[in-house]
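# Tertiary structure, described
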Amino acid sequence: MITISLCMIVKNEEALLARCLDSLKDLMDEIIIVDTGSDDRTKEIAAAYTDKIYDYVWNDDFAAARNFSFSKAGMDYIYCADADEVLDEENRARFRDLKQAMLPEIDIVQMKYAGQLNYNTAYNYDEEYRPKLYKRLRGFYFDGPIHETVVTEPVVFDSDIRILHKPHDSHTDRDLQIFRKTYDTPDAPSMPKRLLSMYAKELFISGTDAHFIDAIPIMTRLLSEDNRSAEELLTISCVLAHAYRVKNDVASFFKYAMKAVVSGSCSEICMELGAHYEACSDFNEAHIWYYNAAFETTPICNIHLGGDEALLALARVFEAVGLSEPAADYRRQAAEWHV
């Protein structure tokens, strides 16, 4: 049977940490807690489960903190968890079975991460596979009877373990501040495609108008880069269009709205155009764009903008012109809509 180090980075998690550790403690052979600056009872709670508690000076870099926690591990595998995660009894049993039957050639085990849509997180799906269990020391070996080569791709196993994500509150402000600190400087690095997508999703799902306005210099710089794909240009243009709409800068709003339409269009930009015309009391034009958001395009950042939010917008414009029957029908569709 394999041995497992639990590695966690935490800060001010007194409300959640015990719940998480209670669901994991008897499955782990070692518990490592890296605290990044708590000023509550987090470390006191952690001390009831382990004496391997380390302080780490937070530098707005989750990867660096994760790597530090991994460096303290000593077991065969490392399980990476956040304080807002929970394993229920059914999935604790699955985890125990996995631990007993784990094949030594497996490098990474993926587990289902569930509950994303319940807590306004920056995701458009309720469940996805995520890598959660990692072999601590990976051996390399040759493969092939002739023209042999070293196998470098990890062996990944998709388990049936389902982790419940149950955060206490939103991390939007913290996350978006890190984006600003990292990418809103004259010598900032280019933002990778994956992070650009996550940044835009977090803005559209849980960001405020102020967050969008703060994103203007970052997105303007990214838009000027030569290597951006049409998908990335569409994402950037949608963020800028929303930011300038809430700033009431109509010329800039249409500049980026048209860039988005040319780049491929999506529910987000249709909703932006609909909102503009609704604010102008041009309800016929607003209806056209909201209809396109709901039925003719797909969302790229926030799935609700092509679903219930678009349907509710259609209901509003029908109500504005006194057509209560179609408005009620759209409200019914919105209430019944689900991912």
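Structure first, text after, so check above.
The notes below deal with the structure included here. Everything numeric here is computed off the predicted structure, so don't read it as measured data. (Residues numbered from 1 in each chain as written. Predicted model: local features only at pLDDT ≥ 70, side-chain atom pairs only at ≥ 80, totals over all residues. Heavy atoms only, no water.)

What follows covers the side chain of S252. Note on placement: S252 falls in helix α10 (residues 250-263). Exposure remark for S252: the relative accessible area of 17% places this residue in the buried category. (Helix = DSSP H or I, 4+ residues; strand = E, 2+ residues; numbered from the N terminus. Buried < 20%, exposed > 50% of the residue type's maximum accessible area, 1.4 Å probe, protein only.)

Attention now goes to the pairing of strand β1 (residues 4-10). Among the seven residues that make up β1, seven are buried, leaving the element largely enclosed by the rest of the structure. Covered by surrounding structure in β1 are I4, L6, M8 and V10 together with S5, C7 and I9, the residues of both alternating faces. Of the strand pairs in this sheet, β1 and strand β4 (residues 77-80) are connected by four bridges, and their pairing is parallel. Counted as the bridge partner of C7 is C80 from β4. Between the parallel pair β1 and strand β2 (residues 30-35), the chain is carried across by helix α1 (residues 17-24), and the sense of this crossover is right-handed. (Pairing = 2+ DSSP bridges. Right-handed = clockwise from strand over helix to strand, strands pointing away.)

A contiguous nonpolar patch, built from F140, F142 and V150 and spanning about 330 Å² of accessible area, is present on the exposed surface. Structurally, the position occupied by F140 is in the loop between β7 (127-135) and β8 (142-143). On the basis of relative accessibility, which here comes to 56%, the residue F140 falls in the exposed class. (Patch = residues over 30% accessible without salt bridge, like charges linked within 9 Å, V, L, I, M, F, W, Y side chains within 5 Å. Areas by Shrake-Rupley, 256 points an atom, 1.4 Å probe, with all protein chains shown as cover. Salt bridge = Lys/Arg side-chain N within 4 Å of Asp/Glu carboxyl O.)

Once that is clear, we can look at the pattern of salt bridges. One pass over the structure, following the stated rule, counts 28 salt bridges. Between R66 and D82 there is a salt bridge whose closest N-O contact spans 2.5 Å. Linking R66 in helix α3 (residues 62-71) with D82 in the loop between β4 and β5 (85-86), this pair joins segments that are 16 residues apart in sequence. The salt bridge involving D329 is made with R332; its shortest N-O contact spans 2.5 Å. Of the two residues, D329 and R332 are both situated in helix α14 (residues 324-336); the distance of three residues between them amounts to about one turn of the helix. Owing to a relative accessible area of 32%, D329 belongs among the partly exposed residues under this scheme. One salt-bridge network, in which partners are shared between bridges, spans D26, E89, R92 and R96.

For α14, spanning 13 residues, the distance from its first C-alpha to its last is 18 Å, which sits close to the expected 18 Å at 1.5 Å a residue. For α14, the complete set of buried residues consists of A327, Y330 and A334. Buried residues of α14 fall within an arc of 65° about the axis and therefore sit on the same side. Away from the buried face of α14 by more than 90 degrees, exposed residues E325, A335 and E336 are located. Packed against the buried residues of α14 are α12 (283-296) and α13 (308-320). (Expected span 1.5 Å × (residues − 1). Arc of directions from axis to C-beta. Contact = heavy atoms within 4.5 Å.)

Here we take up unusual backbone geometry. Negative phi values dominate among residues other than glycine, just as trans dominates among peptide bonds. The phi angle at N12 is positive, at roughly 50°, despite the residue not being glycine. Note on placement: N12 falls in the loop between β1 and α1. The backbone of S281 sits at a positive phi, close to 60°, despite the residue not being glycine. Within the element layout of this structure, S281 appears in the loop between α11 (267-279) and α12.

On to the nonpolar core, then. If you look at the biggest cluster of nonpolar residues, it comprises 52 residues, and the most contacted ones within it are M191, Y199, M219, V239, L240 and Y290. Top contributing element to this core by residue count: helix α9 (residues 230-246), with eight residues. Counting residues in each nonpolar core, the second largest holds 31 residues, with I45, Y79, L87 and L133 among its members. (Core = buried A, V, L, I, M, F, W, Y, C linked by side-chain atoms within 4.5 Å.)

With that out of the way, let us pick up the packing of α11 against α12. How two helices sit against one another is set out by the angle between their axes and by the gap between those axes. Following both chains from N to C, one finds α11 and α12 inclined at 165°, their axes separated by 8 Å at the closest point. Between α11 and α12, the angle falls in the class roughly antiparallel. Here α11 and α12 pass one another in a crossing that is left-handed. Side by side, α11 and α12 meet where S267, C270, M271, L273, G274, A275, Y277 and E278 of the first sit next to F283, E285, A286, W289, Y290, N292 and A293 of the second. (Axes fitted to C-alpha atoms, helices over the stretch in contact; angles between N-to-C directions. Parallel < 35°, antiparallel > 145°, perpendicular 65-115°, else oblique. Left-handed = near helix turned anticlockwise from the far one by under 90°.)

Under the counting rule described, the total for this entry stands at 13 aromatic pairs. Relative to F62, the ring of W58 lies with its centre 4.8 Å away and its plane at 70°, an arrangement referred to as edge-to-face. Accessibility expressed as a relative area gives 32% for F62, which makes it partly exposed. With a centroid separation of 4.4 Å and an interplanar angle of 20°, the aromatic rings of F179 and Y199 are classed as stacked. With F179 in helix α5 (residues 172-183) and Y199 in helix α6 (residues 193-206), the pair connects residues that are 20 residues apart, well separated along the chain. Taking relative accessible area as the criterion, F179 reaches 11% and is therefore assigned buried. Among the aromatic residues, those joined into a ring-pair cluster are Y54, Y56 and F68. One Lys or Arg, K132, reaches over the ring of Y79 and ends 5.7 Å from the middle of that ring. (Phe/Tyr/Trp six-rings, centres within 6.5 Å; stacked < 30°, edge-to-face > 60°. Lys NZ or Arg CZ within 6 Å of the ring centre and 35° of its normal.)

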